[in-house]
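Below are the chains, spelled out letter by letter.
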Amino acid sequence: MHKYKGIIFDLDGTLVNSLEDLIDSVNAILKYNRLPTHSYEEGKKLIGRGLRNLVRDAVPEKYRENDPFVDELTEMLKAEYAANYRNKTKPYPGITKLLDYLKAHDIPFSVCTNKPDAAAKSLIHGLFKDYDFVDVIGFTRDELRKPNPLTTLKLAEKMGVKPQECLFVGDSTVDYETALRAGMLPVLCTWGFESFEVLTRLDDAIWLHNPMRIVEALRYGKEMYSLFNETPDPNPNAPKKKH
């Protein structure tokens, strides 16, 4: 028996590890414009709020308020990433096993992401062709970008699930805010792009280290903490935190 009836997933940092393709594309346009590039570790901090924000945060500070320049580089990044977004991107370990469980138990699932819509749909179709996502909705307009909950609520309705019966699974504070605004339970993945320390400060969310622990979140919600008497799968290298 499941307390929660459906799941809406973020994409980058949640279902797939797209870090290298994203940062490779950003670095290509930065290098072309003779600007400093970023390591993958630095790049983690730039991802999650759409390509324009990624560009704005990636350029040196003196260029960040130069809207025409940021817009120009954003268009360059769209073209660069469109040509390279499937070079290295792949599902995180354990994700297909989780999707197998959802499929076997008829639990509907969708994707809401700030990745460009066409790239998001293409990635899901290419990497998860054996799974029936109810829908995949990516970035189309600034005003609908997460943490705006409108797209998330639209997906819940299409899935036939009430917001309060839905998990929103992501890896960032943006996903956390989206879940709260939509009236869903935020479930935060420590394998993604946000730091473990930041995620575990969010006491009204579930945070976990193993995709299959999402099954327990579906069954029990936040009660899983008291049932299992510990936070689920904490990072062994990080200080433990009680809830």
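For clarity, every value in this text was computed on a predicted model and none was experimentally measured. (Residues numbered from 1 in each chain as written. Predicted model: local features only at pLDDT ≥ 70, side-chain atom pairs only at ≥ 80, totals over all residues. Heavy atoms only, no water.)

The next point concerns the side chain of K115. Residue placement: K115 occurs in strand 4 (residues 109-116). Among the polar contacts made by the side chain of K115, one reaches the side chain of D12 at a distance of 3.0 Å. Those residues in contact with K115, other than ones at most four positions away along the chain, are L11, D12, S18, Y81, A120, L123, G138 and F139. (Helix = DSSP H or I, 4+ residues; strand = E, 2+ residues; numbered from the N terminus. Polar contact = N/O pair within 3.5 Å; in protein donor to acceptor, adjacent residues only side chain to side chain. Contact = heavy atoms within 4.5 Å.)

This part covers the pairing of strand 5 (residues 136-139). Bridge analysis of strand 4 against strand 5 gives 3 bridges, and the strand direction is parallel. Counterpart to V111 in the pairing with strand 5 is V136. In this region the chain leaves strand 4, passes through helix 6 (residues 117-127) and returns to the parallel neighbour strand 5; the handedness of that crossover is right-handed. (Pairing = 2+ DSSP bridges. Right-handed = clockwise from strand over helix to strand, strands pointing away.)

With that settled, consider the packing of helix 1 (residues 19-32) against helix 4 (residues 67-84). With their axes 9 Å apart at the nearest point, helix 1 and helix 4 run at an angle of 135° to one another. Between helix 1 and helix 4, the interaxial angle falls into the category oblique. The handedness of the crossing between helix 1 and helix 4 is right-handed. Taking contact as the criterion, the partners of D21, L22, S25, V26, A28, I29 and Y32 in helix 1 are, on helix 4, L73, M76, L77, E80, Y81 and N84. (Axes fitted to C-alpha atoms, helices over the stretch in contact; angles between N-to-C directions. Parallel < 35°, antiparallel > 145°, perpendicular 65-115°, else oblique. Left-handed = near helix turned anticlockwise from the far one by under 90°.)

Packing of helix 1 against helix 3 (residues 51-58) brings their axes to within 11 Å, and their N-to-C directions diverge by 55°. Here helix 1 is positioned oblique relative to helix 3, judged by the angle of their axes. In terms of crossing hand, the pair formed by helix 1 and helix 3 is right-handed. Contact residues: helix 1 offers L22, V26, I29 and L30, while helix 3 offers L51, L54, V55 and A58. Classifying every residue of the contact of helix 1 with helix 3 gives 8 nonpolar, no polar and no charged. (Nonpolar A, V, L, I, M, F, W, Y, C, P; charged D, E, K, R; others polar.)

Let us look at the sheet that holds strand 5. Within the open sheet, the 6 strands sit side by side as 5-4-1-6-7-8. Their pairing is parallel. Both outer strands of the open sheet, strand 5 and strand 8 (206-208), are each paired with one neighbouring strand and no more. With direction set aside, neighbouring strand axes in the sheet form an average angle of 20°. Sheet topology note: the strand 1 (residues 6-9)/strand 4 ladder contains 3 bridges and is parallel. Along strand 4, the bridge assignment pairs I8 with S110. Sitting on the sheet, helix 6 touches strand 4 and strand 5, and the angle it makes with strand 4 is about 135°.

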